[in-house]
Structure formats: structure tokens, C-alpha cells
Amino acid sequence: MSGTVVIGAQWGDEGKGKITDYLAENAQVVVRYQGGTNAGHTVEADGKQYKLHLIPSGILYKDTLNIIGDGVAIDPAALFEEMDYLRGLGADASNLVISDRAHVVMPYHKAIDSLSERRRGSSDIGTTGKGIGPCYTDKFERSGIRVCDLLNRDVFVKKATENIELKNELIEKIYGGEPLDGDSIIEEYLSYAERIRPIAADTTYVLYKEMKKGSSILFEGAQGTLLDIDYGTYPFVTSSHPISGGVCVGAGVGPTAIDKVVGVCKAYTTRVGKGPFPTELLDGTGNLIREKGNEYGTPTGRPRRCGWLDLVIVKFASRLSGITDVAVTKLVTLAGIEKIKVCVGYELNGKVIEYFPASLEELAKCKPVFEEYDGWDGSIMNATEYADLPENAKRYLRRIEEITEARVSIVSVGPEREHTIIVR
């Protein structure tokens, strides 16, 4: 067998969906191992665009098994809406299995997510409001509801009744919100149970059997390294582990299942929400990159903040996840910009550092140390192999390799599958 992990090497939105879809052609299994509907992966194939949130990006290959692992927070309503959406586009979503150990997002999770953000006021985190954080909170507080609980009517009714009573007290007395109707929630979710039952399984055992068969397995992460709950720009982070270390617990496999880690990074840097951003461009160039790159969030439509490529971040991601290969996306977005900058270090308190600070207060003081490179023109989109790339673009890619100490193996010069160059 072979196991490849695809992770985001920045703040998410790097193009992991496209890279996973591309690599999935040669995989028998694709596994989503963390996150929830707060993620958004866009895949373009055969002239159609598919926007995915929960379902793995290998779903467009009808012979590929797609697994939603135990580390994912599953919103049943969103899951079935996404399955119906895919069928409407002509995609067959029947090759999907979900973990019976995965936790279920409930309506009170969404309500608390929105109310807690409102309560924070100007100190809000900037969540998507999808209830993912509160769902993970219940998971670790040991009051969560799993898929296997949902499939057992008596267990579900008991747990849901207890939780709704407690959450309503929180919603009313702490957040000043309106209580939820417990009976309607229970009725709604029991209807979901019957649709989930045929596709729920012990996915750790399914994966074990696939590994024994020698299947090629692709593990797909959501969000990015700088949104990791432990290693990201806390508290402006997600509630799970997008790094490669999250695969073992989120999919239920041992570390020996991983052979290769592909870190996906844009040719520039973007992020959504609040927090320090050393290379952010607050000028016309930043706006140009946003519009050319269509930098608006898949789950929310929020405009992304844009800046020059920050290799301090990508090197940090490479070290944390053991990145072996880098996939560089959206190289074409920079076409036509005469001079392009790359951050290779930070100046902090008069000294140049090459590490990524844990403290946001320190990060906010960091000034990027830039190198400047000559740009390239729009002909880059016509490249079908590495030799076709402009020399200035090759020089840019080589510098990424030097700083990250990982090889650039994939370069994306456009949104479609055929706009993908395999370097190695």
C-alpha cells in the first residue's frame, strides 16, 4: 500500500481540493480526516465546478472509495444537501462511507457558535458559524453525540434530550437567545439516521482492510497549518488538527500508513478573518491578486486578505508535517506583475528570525524580510510541462525548494485538471 497526505501549508484556501482531485485518479481510497462544513474545496473537471465542504475531493471518481473519518464533525443536513447537489451535477455520490465514530453537529452547536461570536463583539474570532467549534467542544467535554448514537434511537433520544435542555439554558441565560424546540430537532435527526444508516461503518476497519489489500490511500486535510488548534495563530484558528499529525487520530491509522506528505501552497499568501499577517498587501497589488485569483471563501464568500508569499510560514508547515513534496498553486495569478516579493525571514526587535512566533503580539511586531524577483507573463497558463515555464517562474519555484527543504513536485497554472504540471 501507499499513503499520501495532502495538507495546507498556509492559512487554508491553498487549492487542496484541486490537488486531491488530481492525485485521486491514482488512488483507490480518499479519506477526509478532520474539520467539517467550515471547509470549502473547489474542484473543476470536465467543464464543471464542484464546491465541496464535507465530502472528500475524490468523489468525482466513481471507482474510488471516499471516507469521512472519525475526526470529522458531520452536519447531516449539510451532508445530504451536498450529496444531492453532486447528483444534480451528474456526479455519483454512492461511493461514500462515513465513520460511525464521527461526531454529529446539532442545531444547538450552530446557535451557540453564532451567539458566542456576537457576545465577543470586536474580539470575535471570525468563525463560519457552522457549529464546528462547539461540536468539538462537546466531543472533548464528553457530551457529544456520535453517528453510532444517532443510529440507536433510544440512545439518541436520551442524549439529545439531555443536551438540548442544558444547551437551552446556556442559550437563554448566558447568551440571551431563544430556546430551541427539542421535539422538532429530535424528529428531524431521527429522519437523518435512516439515510445515514446504509453508509455508516467502522471506517478504521474499512481502512485496515484496504491497507491489507495494498490500496493506494489519499488522506485529505481541510483548512491549513496556520489554522491548527495547537500550531496556528491561536485563537484565530480552527478546532482540529489540519497538519499531517492529525491523520492518525482523525482517520484511525498508524503513522506507518503515511509515506508521503504533499504540502499545498499558493504562489502568494491569503487568509480569512482576523490576526497578524506579516506580508499582507493593503494596496492595489493586493486587490489585483484578490480579483485575479478570485480570492473569496467557498463556505462564506468572504473576501480573503492577500499578500506576498511568506516562506517562513511554508517552512514552518514543512517542519511540522514532514512535508516531502510541495504543490504550488495559482502561479498564473501573479502573471503580469513586474516585480514579485518573497518573504524569507522576519525582523523582530532588531533581529532577523526564521521561525514562526507562537505569540500573536510578537508576530504583530514582525516585519517581513523580502527578496525581490522579476515576474512573468500570461503565457505561463499555456505550459503543459515544467520545461514550458518561463525561466523567472522556475527561479521562483527553486527558491521555494531551497527555503522549505522540500521538492516542488506539482505546479498548478489554472483551475482545471489539465492545468497541472508534474515536475517530479
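First, a word on what this report is: a plain description of the structure on this page.

Right, let's talk about the sheet that holds strand β7 (residues 96-99) for a bit. An order of β9-β7-β5-β2-β10-β1-β11-β15-β19-β20 is seen for the ten strands of this open sheet, with the pairing classed as mixed. A strand with exactly one partner marks an edge of an open sheet, and here the two such strands are β9 (200-201) and β20 (420-422). The pairing of strand β1 (residues 2-8) with strand β10 (residues 216-220) spans five bridges and is parallel. Bridge assignment links G3 to a residue of β10, and that residue is I217. Sitting on the sheet, helix α8 (residues 203-213) is in contact with β2 (29-32), β5 (65-68), β7, β9 and β10, with an inclination near 145 degrees to β5. Lying on the sheet, helix α13 (residues 391-404) is in contact with β15 (325-329) and β19 (407-412); it crosses β19 at an angle near 140 degrees.

This part covers the packing of helix α6 (residues 153-174) against helix α7 (residues 182-196). Contact geometry for α6 and α7: axes closest at 10 Å, N-to-C directions at 145 degrees. You can see that α6 and α7 cross each other, and the crossing is right-handed. Listed contacts from α7 to R153, F156, V157, A160, T161 and I164 of α6 are G182, I185, I186, Y189 and L190. Here the residues of the contact of α6 with α7 are counted per class, giving eight nonpolar, two polar and one charged.

Attention now goes to the environment of P242. Along the polypeptide, P242 turns up in the loop between β10 and α9 (246-252). When the C-alpha positions of P242 and K167 are compared, they lie 28 Å apart, and in sequence the two are 75 residues distant.

Quick look at the nonpolar core now. Ranked by internal contacts, the top residues of the largest apolar core, which has 54 residues, are F219, V328, L331, L334, W376, Y396 and I400. What F219 contacts, discounting residues up to four positions off in sequence, is G3, T4, V5, V6, V31, Y33, V247, A251, V253 and A257. If you look at the next biggest cluster of nonpolar residues, it comprises 37 residues, including V43, I68, L96 and I186.

Side chains bearing opposite charge may pair, as long as their charged atoms lie close to each other. Tallied over the full model, the rule gives 24 salt bridges. Here R197 makes a salt bridge to E194, at a shortest N to O gap of 3.1 Å. Take R197: its relative accessible area is 38%, and that puts it in the partly exposed class. The closest approach of N and O atoms between K213 and E210, which form a salt bridge, is 3.4 Å. In this pair, K213 and E210 both sit in helix α8, three residues apart, roughly one turn of the helix. Residue class for E210 comes out buried when judged on its relative accessible area of 13%. Three or more residues joined by partner-sharing salt bridges are found here, namely D13, K266, E295, R304 and K330.

Okay, unusual backbone geometry next. Residue P235 is bonded to the preceding Y234 through a cis peptide linkage, with omega at 10 degrees. In this structure, P235 sits in the loop between β10 and α9. The backbone of R142 shows a phi angle near 70 degrees, a positive value even though the residue is not glycine. Summarising the element assignment, R142 is placed in the loop between α4 (132-141) and α5 (147-150). Positive phi, normally seen in glycine, also occurs at E405, with a value near 60 degrees.

Rules used in this analysis
- Each chain has its residues counted from 1, running along the sequence as written.
- The model is predicted, so local features are restricted to residues of pLDDT at least 70 and side-chain atom pairs to those at 80 or more, both for listing and for counting; the totals for chains, interfaces and linings are taken over all residues.
- Hydrogens and water are ignored here; the side-chain numbers use all heavy atoms of the structure.
- Strands were regarded as paired on the criterion that DSSP finds at least two bridges between them.
- Helix and strand definitions here come from DSSP, where helices need a minimum of 4 consecutive H or I residues and strands a minimum of 2 consecutive E residues; each element is numbered from the N-terminal end.
- Here, residues are in contact when the closest pair of their heavy atoms is within 4.5 Å.
- Lines fitted to C-alpha atoms define the axes here, with helix axes fitted over just the stretch in contact, and angles between the N-to-C directions of these axes take values from 0 to 180 degrees.
- A crossing counts as left-handed when the near helix is turned anticlockwise from the far one by less than a right angle, and as right-handed when that turn is clockwise.
- Just so you know the grouping, Ala, Val, Leu, Ile, Met, Phe, Trp, Tyr, Cys and Pro go in nonpolar, Asp, Glu, Lys and Arg go in charged, and all remaining residues, Gly too, go in polar.
- Each nonpolar core is a collection of buried residues, namely Ala, Val, Leu, Ile, Met, Phe, Trp, Tyr and Cys, held together in the definition by side-chain atoms within 4.5 Å.
- Buried, partly exposed and exposed residues are distinguished by accessible area as a fraction of the type maximum, computed with a 1.4 Å probe on protein chains only: under 20%, between the cut-offs, and over 50%, respectively.
- Salt bridges are defined as contacts in which a side-chain nitrogen from Lys or Arg sits within 4 Å of a carboxyl oxygen from Asp or Glu.

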